[in-house]
Amino acid sequence: MDPSSSKWRVAVIGSGPSAFYTAEALFKSPAATTPDAGSGVQVDMFDRLPVPFGLVRGGVAPDHQKIKSVVRVYDKIAAQPGFRFFGNVKLGRDLQVEDLARCYHQIVYAFGCESDNRLGAPGEDLAGVYSATEFVGWYNGHPDHRHRSFDLQNSRRVALIGNGNVAMDVARVLLQSPDRLAPTDIADYALAALRDSNVEEVILLGRRGPAQAAFSPKEIEEIGELDGVDVVVRPEEAELDEISRAWLEGAGARSQQRNAKYIAACAELGEGSSKHKLRCRFLVSPTEILGDDGRVRAVRVEHMQLQLDDSGTPRPRSKGTTEDVECDLVFKAIGYRGEPVPGVPFDERKGIVPNRDGRVLGAPGGEVVRGQYVAGWCKRGPTGLIGTNSPDAKATVELMLEDRAAAAMLEPAAADIAPWLAEQGIDAVSWADWQRLDAWEQTEGEKRGKLRHKLSSIDEMMTVIRELR
Ligand code: NAP
């Protein structure tokens, strides 16, 4: 890039779906495409890992390759002339917000929500209690989670708290035959551990009823269609109460109606004959995790009933009775949560970057910070599917365009960040570096009869990248 360029320069932090949709919206904006509106837009995308794609690489389950194929769209965005990737560069460690402000007119945070919610119940830290985030990162070969171990070999029953789509991924990976996972890009160590697994039952603990389950119909139905797996539901828990019936007819979405129907059909099928079972429990809320000698033994749940809140949403309320659900392992799949990044405002209560519709605020409810924006999960919280991030990013880019038109941007010295990074001794990974590693991982995968041999350590990734340069 010509450092004296009059280009509109934007830094995007993160390289998952919301980062790429932000780049796409920037490249498609009239300010970037109209010849007399300046000399186009430069989008520099930063990621702390040497590899791009965020949760598409590190979160989407290996048996959901169709979902992962969205990266082809991102490849096209990365092929735009104004795009550059700076992998292996961590905001708050390798460079600070002030360093970005020296080089860019606008900064967009799109770093997602990398941690998970705490249950806040006694026993949460017993051995054998894990967050789904750890497990998902582990089987996906994410560098943060590759060293974890899960005692699947000595476990038969797993309690899974929460019934969203992350819980569905965890249940599916635990219950399906490892042979189905072998040809994917699952981490080798995870496949080996799953082959040695003795897990037969996953007990899904939902605190509300079947009509309020957070999973998508397709996800629960996919588990029901797996060979050798039964979805088992107690008839009394499948039956909808008055509140749910009225709610489904009124505010309930089609997907919720489909879930309730599917759960009722499962209840009619009874126990089934398969060795592996997903037992879906409803209206049970964990109050404590019980252990023996520091190791989990059961989850104590209280029985719940539904009550409408002020907005007319059915919420769980304790019936005052409890039950102990025996299990050997516990996975909490109760939602992701953002982590503070040094120099970037953080809303501790919501676990996101405080913002007004995408413009960063200095503090929750505070003043707009000039030139800083958010997109994706760190803007709105960890909700929605991959595609949800496209309109979300477009909305942020609209505000960026408004501010650009009003000249309310940062005023950087016309400097290119690349020489400065090199001076600091930071070995930034370019898009070409990544493309070579990508091809290498796929070739190595082919040799092993799988789609991709994913490297899971940053050191290994950097070694191969340097060899391929
Ligand atoms: P989620 O959809 O928000 O589900 C969280 C679940 O945890 C809900 O069942 C929630 O119950 C429950 N929960 C929260 N706090 C709890 C507590 N204290 N005690 C008991 N239960 C509690 O979150 P997620 O599963 O992490 O998914 C995040 C987003 O990624 C979602 O939008 C999801 O659709 C998406 N995703 C999609 C896919 C896919 O399409 N294949 C895969 C993975 C993730 P309540 O409903 O009662 O609050």
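Placed above this text is the structure.
What you see is a predicted model, and the numbers here were worked out from it, not measured in a lab.

So, how was this worked out
- Residues numbered from 1 in each chain as written.
- Predicted model: local features only at pLDDT ≥ 70, side-chain atom pairs only at ≥ 80, totals over all residues.
- Heavy atoms only, no water.
- Helix = DSSP H or I, 4+ residues; strand = E, 2+ residues; numbered from the N terminus.
- Rg over C-alpha atoms; globule rule 2.2 N^0.38 Å.
- Buried < 20%, exposed > 50% of the residue type's maximum accessible area, 1.4 Å probe, protein only.
- Near = heavy atom within 4 Å.
- Polar contact = N/O pair within 3.5 Å; in protein donor to acceptor, adjacent residues only side chain to side chain.
- Areas by Shrake-Rupley, 256 points an atom, 1.4 Å probe, with all protein chains shown as cover.
- Nonpolar A, V, L, I, M, F, W, Y, C, P; charged D, E, K, R; others polar.
- Domains from an automatic or database assignment.
- Pairing = 2+ DSSP bridges.
- Contact = heavy atoms within 4.5 Å.
- Axes fitted to C-alpha atoms, helices over the stretch in contact; angles between N-to-C directions.
- Arc of directions from axis to C-beta.
- Phe/Tyr/Trp six-rings, centres within 6.5 Å; stacked < 30°, edge-to-face > 60°.

Visitor: Even after reading the chapter, I still don't get the overall build of the protein chain, so can you show me in this structure?
Guide: Summing up its helical and strand segments, the protein chain has 19 helices and 18 strands in all. The globule rule puts the C-alpha radius of gyration for 469 residues at 23 Å, and the 24 Å found for the protein chain is close to it. Viewed in the frame of its principal axes, the protein chain has a C-alpha envelope of about 70 × 55 × 40 Å. Per-residue burial over the protein chain gives 55% buried out of 469 residues.

Visitor: It is not clear to me how the site of the ligand should be interpreted in this structure. Could you clarify?
Guide: For the ligand, the set of nearby residues contains 23 residues, the closest of which are Asn163, Asn165, Arg207, Arg208 and Gly384. Between the ligand and Arg208, the relevant distance is 2.8 Å, taken from an oxygen atom to a side-chain nitrogen or oxygen of the residue. With the chains in place, 79% of the 920 Å² that the ligand exposes on its own is no longer accessible. For the shell around the ligand, the element with the most residues is helix H8 (residues 165-175), which contributes three residues. For the shell around the ligand, the per-class residue count stands at eleven nonpolar, eight polar and four charged. Structurally, the shell around the ligand is a two-domain feature, drawing no fewer than three residues from each of domain 1 (8-114 + 338-429) and domain 2 (117-335).

Visitor: Would you mind showing me how to read the sheet that holds strand E4 (residues 106-109) here?
Guide: The strands that make up a sheet pair up through hydrogen bonds in the backbone, lying either parallel or antiparallel. On the basis of which strands lie adjacent, the open sheet formed by seven strands has the order E3-E2-E1-E4-E18-E17-E16 and mixed pairing. Unpaired on one side and paired on the other, strand E3 (83-87) and strand E16 (355-356) mark the two borders of the sheet. Here strand E17 (residues 359-361) pairs with strand E18 (residues 368-374) via two bridges, running antiparallel. Looking at E18, one finds that Arg359 is bridged to Tyr373. Against the sheet, helix H16 (residues 389-405) contacts strand E1 (8-13), E4, E16, E17 and E18, and its axis sits at roughly 150° relative to E18.

Visitor: When you look at helix H5 (residues 71-78) in this model, what are you seeing that I'm missing?
Guide: Since the α-helix packs 3.6 residues into each turn, any two residues three or four apart lie on the same face. What H5 keeps buried is the set Val71, Tyr74, Ile77 and Ala78. The arc that holds the buried residues of H5, viewed along the axis, is 105°, so those residues lie on one side. When the buried face of H5 is taken as reference, the exposed residues oriented beyond 90 degrees from it are Arg72 and Lys76. At its buried positions, H5 is contacted by helix H1 (17-28), helix H3 (54-58), helix H4 (65-68), E3 and helix H18 (431-447).

Visitor: Help me out: how do you make sense of the packing of aromatic side chains in this one?
Guide: Within the structure shown, the criterion is met by 23 aromatic pairs. An angle of 80° between the planes, with centres 5.9 Å apart, marks the rings of Phe53 and Trp431 as edge-to-face. Note that Phe53 is positioned in the loop between strand E2 (41-47) and H3 and Trp431 in helix H18, a separation of 378 residues in sequence. Owing to a relative accessible area of 9%, Trp431 belongs among the buried residues under this scheme. A ring pair is formed by Tyr130 and Phe331, whose centres lie 5.7 Å apart and whose planes are at 35°; its orientation type is tilted. Pair noted here: Tyr130 is in strand E6 (residues 129-131) and Phe331 is in strand E14 (residues 329-332), with a separation of 201 residues, a long-range link. Just as Tyr130 is buried, Phe331 falls in that class too.

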